[in-house]
Amino acid sequence: MKAETEREEGDRLAGAPHPRTTPALLGHDAAQAEILHAWNSGRFPHAFLIGGPEGIGKATLAYKIARFVLSGPPLAVKSLDVAPDHPAVHQVAALSHPDFLLLRRIAPDEDKKMPTEIPVGEIRKLVKFFGSTAAGGGYRVCIVDALDDLNKSGANALLKILEEPPARSLFLLISHSPGRLLATIRSRCRKLLLRPLSPEEVKHALKNIAQQTGDMPLDRIAEAAEASGGSVRHALSLLVGEGLGLEVRGMTEKLLASLPNPDGESLHRLGDSLRDRDGFYVFTETVEDWLAAAATAPGTPPARLARFAETWENVRRAGIETDAFGLDRKPFVFKVFAMLSEATQPS
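Starting afresh in each chain, residues are numbered from 1 along the sequence in its written order. Only residues with pLDDT of 70 or above have their local features reported here, since the model is predicted, and side-chain atom pairs are shown and tallied only from 80 upward, although totals for entire chains, interfaces and linings are computed over all residues. The side-chain figures draw on all heavy atoms in the structure; neither hydrogens nor water molecules are used.

Caption draft 1: Expanded view of helix α12 (residues 302-324). Here a helix means four or more residues in a row that DSSP labels H or I, a strand means two or more in a row labelled E, and each is numbered from the N terminus. One less than the residue count of a helix, multiplied by 1.5 Å, gives the span that helix is expected to have. Relative to the 33 Å expected for 23 residues at 1.5 Å per residue, α12 spans 33 Å between its end C-alpha atoms, a close match to the ideal helical length. Elements that come into contact with the buried residues of α12 comprise α11 (277-295) and α13 (329-343). Remark: G326 follows α12 within two positions and exhibits a positive phi of approximately 60°. Should any heavy atoms of two residues lie within 4.5 Å, those residues are considered in contact.

Rendered as structure tokens:
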């Protein structure tokens, strides 16, 4: 059986460095300054809700906060950075720190399918974890990545602990769409809403990753950064397969521009091009980005906005299920565009 750190995880691109092992955080200086101020003032909250689009550094920030808190810093520190040889850095990366808990979607074993939600068994770990005393006498830290993957019972279990948090406990809750979370959960957290990165910041991150992996078409980095929407994750998916993701994005955008009547042959070609998971992710991300932009466009009528929001959620859920159960991707493409055609029909 593979170790926990080697098993497939949700929302992680194969071959890309994991946020657990990424010490540098590009952008989000204001969020880091806010966290430092809270710590140095002695009024540190028990929960941060870290929200924003996928792939912009939410998990990287969460792990940076976790390493910082678990390293036991004094007051009046000037940075969230922790020395790379500090035990907390290695223990968090290895998921072996006794006062650290991570809840996320993860394949039970290498021959098992990725679950579509954070399993109930993972949620049960919360009670045991927060029912014991911190091994180091300091904080106990829990990251939930992502809160969007909790089902109703899981969200309620988390809420019970947030309502009466144990002393010196810290929840770092990651969400790609915090506005859709339970209001009762949002109200019990300090909110850190992160903005998409600039193209230059994405380009810088891609170059750093290229140095680590050595497997990236360097001549297409600038193109991917411009098309990324401020998401490093999205940019990486565009660059896989010598830039196949960029081709998938282009085909998808042309079909989106033809709504509500997309061309059937073009849909077939798009479905055939989704040969691997990375191309599949590019397709779903491109559609979700388009829906988000359409829903927030100035002057969008409330009824149409609600229709786009519902379609966004349906596309996301259908994508998770298609990926988790290894379903054929071409029918998924047709299903998505059927939903989009319905959503874009004149009222």
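Caption draft 2: Representation of the environment of Y139 within the structure. Of note, Y139 is situated in the loop between α4 (120-130) and β3 (140-145). Residue Y139 is classed as buried on the basis of its relative accessible area of 14%. Placed 28 residues apart in sequence, Y139 and A167 show a C-alpha to C-alpha distance of 8.2 Å. Contacts of Y139, omitting those with residues within four sequence positions, involve W39, F44, V69, L70, D99, A134, R168, S169 and L170. Each residue gets one of three labels from its accessible area relative to the maximum for its type: buried under 20%, exposed over 50%, partly exposed in between, using a 1.4 Å probe on protein chains only.

Caption draft 3: Structural detail: the packing of aromatic side chains. Only centres within 6.5 Å qualify two rings of Phe, Tyr or Trp (six-membered ring in Trp) as a pair; their planes then separate them into stacked at under 30 degrees, edge-to-face at over 60, and tilted for everything else. Counted by the stated rule, this structure contains 13 aromatic pairs. Taking the centre distance of 5.4 Å and the plane angle of 75° together, the rings of W39 and F68 count as edge-to-face. Of this pair, W39 sits in helix α1 (residues 29-40) while F68 sits in helix α2 (residues 58-70), placing them 29 residues apart in sequence. Summarising the burial analysis for this pair, W39 and F68 share the class buried. Note on F129 and F130: the rings are 4.9 Å apart at their centroids and 80° apart in plane angle, and the pair reads as edge-to-face. The class for F129 is buried, based on a relative accessible area of 10%. Among the aromatic side chains, those forming a connected cluster through ring pairs are W39, F44, F48, F68 and Y139.

Caption draft 4: Quick peek at the pairing of strand β1 (residues 47-51). Burial within β1 is extensive, with five of its five residues counted as buried. Here β1 shows two buried faces, one formed by A47, L49 and G51 and the other by F48 and I50. Note that β1 and strand β4 (residues 169-175) share five bridges and pair parallel. Its bridge partner being in β4, A47 is matched across the sheet by F171. Pairing of β1 with strand β5 (residues 190-193) involves four bridges; the strand directions are parallel. Within β5, the position partnered with I50 by the bridge is L192. Two strands qualify as a pair provided that DSSP identifies no fewer than 2 bridges between them.

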